[in-house]
Structures are given as structure tokens and as C-alpha cells.
Amino acid sequence: QITLKESGPTLVKPTETLTLTCTFSGLSVSTSGLGVGWIRQPPGKALEYVALIYWDDDRRYSPALRSRLSIIRDTSRNHVVLTMTNLDPADTGTYYCVYRVGGRDGYTWGRGTRVTVSS
Amino acid sequence: EIVMTQSPLFLPVTPGEPASISCRSSQSLLHTDGYTYVDWYLQKPGQSPQLLIYLGSTRASGVPDRFSGSGSGTDFKLEITRVEADDVGIYYCMQSLHIPLTFGGGTKVDIK
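Residues numbered from 1 in each chain as written. Chains lettered and ligands numbered in written order. Predicted model: local features only at pLDDT ≥ 70, side-chain atom pairs only at ≥ 80, totals over all residues. Heavy atoms only, no water.

A.B. asks: Can you lay out the packing of aromatic side chains for me, pointing to particular residues and giving the numbers?
C.D. replies: Residues and elements named next belong to chain A. Considering all chains together, one arrives at 4 aromatic pairs over all chains under this definition. With a centroid separation of 5.5 Å and 80° between ring planes, the pair formed by Phe 24 and Tyr 99 is classed as edge-to-face. On the criterion of sequence distance, the pair formed by Phe 24 in strand E3 (residues 18–25) and Tyr 99 in strand E9 (residues 93–101) is long-range, its members being 75 residues apart. What makes Phe 24 buried here is its relative accessible area of 5%. In this structure Tyr 99 comes out as buried when scored by relative accessible area, which is 9%. Arranged with centres 5.5 Å apart and planes meeting at 70°, the rings of Tyr 96 and Trp 109 form a pair that is edge-to-face. (Phe/Tyr/Trp six-rings, centres within 6.5 Å; stacked < 30°, edge-to-face > 60°. Helix = DSSP H or I, 4+ residues; strand = E, 2+ residues; numbered from the N terminus. Buried < 20%, exposed > 50% of the residue type's maximum accessible area, 1.4 Å probe, protein only.)

Below, the structure is given as C-alpha cells:
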């Protein structure tokens, strides 16, 4: 059984850096064809792509957020880490970790982690 | 980026009746491999989105056959043959042909 769990701070101050972790169980982040990413959802709003990293370390960032993002795979801890710098209240929302194996299946979503950016 | 436009915004439904949601993309979602890269997700109240349909018309594991996806090119549809109370929530279409992944604005389905 594959499970994924997001973790990170619930409250971050403006201009600070956010670090979110997506930890896998039952699936190695080195699995060929695996793509792991982050999607966020501001309160009451629609879904927004943030970033993806593939099993071969190909990284794809949201063009709107690219300058503030970093995504890495940590194979020793079997997790994916998203870092977002210079946070703004507009970054408030629920951040979901998603994954799919192979390029055609849909994405499986984690339960999400809620982040509030406020002083 | 590819823009996904859903309609309607709100869809009140009667249990046992059919329902349909439309999604249009700003460019064709047909890949050169012959597959069409559009998914449908349902976000039930208080939950994360769950996959219903991928590649336009393939039901995800465990999804009832009341749900079906259709369409091609830039126009897609999600249909529910007989709505049940458990089907309430926000439905999203998403394209995965190009990064960034982009989503429709969502259709909120509620019981009349």
C-alpha cells in the first residue's frame, strides 16, 4: 500500500522561507517513471500548479513562481522537499503533494498541509 | 500555458438524475502518442481531490461506472448517469499535456 504524507509549518511570516516535505511509504522516490509534485489551493479558490520533480531529477516549476522555488528528491529519506522563499500572504493555502508513476495515469493526491502566511 | 475553462460553475442535481460538466482547453490536448491528456478530479467537502477519470475517458480504479469521460481535441465532458448524494463536491478538469499542469475553475455539484 502506497501512502504519502505532507508535513511542514502551519504558520509562516511574510518574507520567510517555507519548507514542505512529502514522505512516501510503499513507493521509492527513485521508481522509474515517478513524478512527484505540489499543487496548492488558496482558501475557497481553485487549484494551482507549483512544481514537479521526476525520478531522473528533471524539475519543472510554475513559471509564475519559478524564481522562488526549489524542489529536490532525498532518496535516503524517501521524500521530496519543496522550498519556497520570500513568502507573501497570497501564498496562504493548502499545499497538496501529488504523484503518478508513468506519464499517462492521473495523479494521486495527499491529504494536504495548510499553510498560513501572516505576521 | 493551456487555459482550461469549465461550465457550469454551479450544478444543482437531483439524486437519480443525470449530470454533465463541460471543460474546454485553449489548445488541443491530443499528444503525438495518440492519447488525450485530460483528467477529472472530485474534491469532496473537506477532502483532497481524488482522481475519477484520466486520459479523457479511462476510469480510475474503484470509480463507479456511473462516471464517464468523453471528448477530444479541446472539448471534454464528464457525465454522471445517476447522481448519488455522495457525489457532491467540486469537480475539476486538468490537463497534463504540458507543464504547468492547469486546472479548470471547478464545478460545484450540490443536491437540490
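A.B. asks: So, the state of the cysteines: which residues are in play, and what are the values?
C.D. replies: Taken as a whole, this structure holds 2 disulfides over all chains when the rule is applied. Residue pairing for Cys 22 of chain A: its cysteine sulfur links by disulfide to Cys 97 of chain A, the two sulfurs lying 2.0 Å apart. Across the disulfide from Cys 22 of chain A to Cys 97 of chain A, rotation about the S-S bond amounts to roughly -80°, and the bridge is consequently left-handed. In this pair, Cys 22 of chain A sits in strand E3 while Cys 97 of chain A sits in strand E9, placing the two residues 75 residues apart along the sequence. Here Cys 23 of chain B pairs with Cys 93 of chain B through a disulfide, and the sulfurs are 2.0 Å apart. Here the disulfide of Cys 23 of chain B and Cys 93 of chain B is right-handed, its torsion about the S-S bond being about 75°. Highlighted residues: Cys 23 of chain B in strand E3 (residues 19–25) and Cys 93 of chain B in strand E9 (residues 89–95), separated in sequence by 70 residues. By relative accessible area, which is 3% here, Cys 23 of chain B ends up buried. When its relative accessible area of 0% is taken as the criterion, Cys 93 of chain B is described as buried. (Disulfide = S-S within 2.5 Å.)

A.B. asks: Describe the pattern of salt bridges, with residues and values.
C.D. replies: In the structure shown here, the tally under the stated rule is 11 salt bridges over all chains. The residue Glu 48 of chain A makes a salt bridge to Arg 40 of chain A at a minimum N-O spacing of 2.8 Å. A salt bridge links Asp 86 of chain B to Lys 44 of chain B, with the nearest nitrogen and oxygen atoms 2.7 Å apart. With a gap of 42 residues between them, Asp 86 of chain B in the loop between strand E8 (75–80) and E9 and Lys 44 of chain B in the loop between strand E4 (38–43) and strand E5 (50–54) connect regions that are remote in the sequence. In this structure Lys 44 of chain B comes out as buried when scored by relative accessible area, which is 16%. (Salt bridge = Lys/Arg side-chain N within 4 Å of Asp/Glu carboxyl O.)

A.B. asks: Account for the nonpolar core, naming residues and giving values.
C.D. replies: Counting residues in each nonpolar core, the largest one holds 42 residues, and the members touching the most others are Ile 39, Tyr 107 and Trp 109 of chain A together with Trp 40, Leu 52 and Tyr 91 of chain B. Broken down by secondary-structure element, the contributors of at least two residues to this core are strand E5 (48–54) and E9 of chain A together with strand E2 (10–13), E3, E4, E5, E8 and E9 of chain B. Beyond its immediate sequence surroundings of up to four residues, Trp 109 of chain A is in contact with Leu 4, Ile 39, Leu 47, Tyr 96, Cys 97 and Val 98 of chain A together with Tyr 41, Ser 48, Pro 49 and Phe 103 of chain B. Within the second largest apolar cluster, 27 residues are counted, among which are Phe 24, Val 36, Ile 53 and Met 84 of chain A. (Core = buried A, V, L, I, M, F, W, Y, C linked by side-chain atoms within 4.5 Å. Contact = heavy atoms within 4.5 Å.)

A.B. asks: Any details on the side chain of His 79 of chain A? Residues and values, ideally.
C.D. replies: Counting through the fold element by element, His 79 of chain A comes out in strand E8 (residues 79–84). Dropping the residues within four chain positions of it, His 79 of chain A is found in contact with Thr 21, Cys 22, Thr 23, Val 29, Ile 72, Arg 73 and Asp 74 of chain A.

A.B. asks: So what's going on with the sheet that holds strand E7 (residues 69–74) of chain A? Residues and values would help.
C.D. replies: Residues and elements named next belong to chain A. The strand order across the open sheet formed by 4 strands is E1-E3-E8-E7, and the pairing between neighbours is antiparallel. Each having just a single partner strand, strand E1 (3–7) and E7 make up the two edges of the open sheet. Averaged over all adjacent pairs, the angle separating strand axes in this sheet is 15°, with direction ignored. In this structure, E3 lies alongside E8, joined through 6 bridges in antiparallel fashion. Bridged to Thr 19 within E8 is Thr 83. (Pairing = 2+ DSSP bridges. Axes fitted to C-alpha atoms, helices over the stretch in contact; angles between N-to-C directions.)

By themselves, these observations are geometric and do not establish any function.
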